[in-house]
Amino acid sequence: MKNTDNLTNYSSFLETSKKYLIQLLKSLSAKHSIKYNLELEATYNLPNVENSSENRAFKTSAREIFMCTDIEAKIDLDFANLLSEEDIYSSKKSGFSLQSIYGLLLSAYNYTPMSGSSYIPLPEDIKNKKAIINPQNSDQQCFKWTILPKYVVGNAKNQVDENYTSLEEKYNFSNLTFPTPIAEI
């Protein structure tokens, strides 16, 4: 988003960009989870010094957006971080002053978060604490098997067999895909 209005106030420029940016991120994340980051680009110069222009970019960290993400809240936080970064730069007594704001660059890409799969043995130090139930299964439904141990009686909690499959009706798993992506949890 270029600064076509030639605004010289970061807050004003970001506020004029906000609605469009939110709509764009919603459309990009409608079908797939995405990661994005923002880069605010500007030019600074030293007053009364010829050829002292310096391009500067303030960047945010990459953030994930899922179906249920409050995009406006993320953008508000990103804008606050950009303004804070600019404030830190300006207060370093560099002598540079803002000449112009070039624009805001959005970088976005598809994001495939880590998801569950099949049984993974616990590291020994965690296993020895005996504080985690890690049911051993041979299918891709590990999320389901991690929910059900509270109903399994006796010492058979570490092996998925009829002691687990007889309890599948305790919850409705029909809307989940397996392996279960984090966005479905």
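For the structure, check the block above.
Residues numbered from 1 in each chain as written. Predicted model: local features only at pLDDT ≥ 70, side-chain atom pairs only at ≥ 80, totals over all residues. Heavy atoms only, no water.

Asks: What am I meant to see in the environment of Leu28 here?
Replies: Summarising the element assignment, Leu28 is placed in helix 1 (residues 10-28). Overall, the relative accessible area of 36% leaves Leu28 in the partly exposed class. As a C-alpha pair, Leu28 and Ala108 span 80 residues in sequence and 8.2 Å in three-dimensional space. Once residues lying within four places of it in the same chain are set aside, the contact partners of Leu28 are Ile34, Leu106 and Ala108. (Helix = DSSP H or I, 4+ residues; strand = E, 2+ residues; numbered from the N terminus. Buried < 20%, exposed > 50% of the residue type's maximum accessible area, 1.4 Å probe, protein only. Contact = heavy atoms within 4.5 Å.)

Asks: Just checking my understanding: could you explain helix 1 for this structure?
Replies: Side chains of residues three or four places apart in an α-helix project in the same direction, reflecting 3.6 residues per turn. With 19 residues, helix 1 ought to run about 27 Å at 1.5 Å a step, and its terminal C-alpha atoms sit 25 Å apart, in line with that. Restricting attention to buried positions, one finds in helix 1 the residues Tyr10, Phe13, Leu14, Ser17, Lys18, Leu21, Ile22 and Leu25. Looking at the buried residues of helix 1, the elements they touch are strand 1 (34-45), strand 2 (54-59), strand 3 (63-65), helix 2 (71-90) and strand 4 (97-110). (Expected span 1.5 Å × (residues − 1).)

So, to be careful, I would describe these as geometric facts and stop short of saying anything about function.
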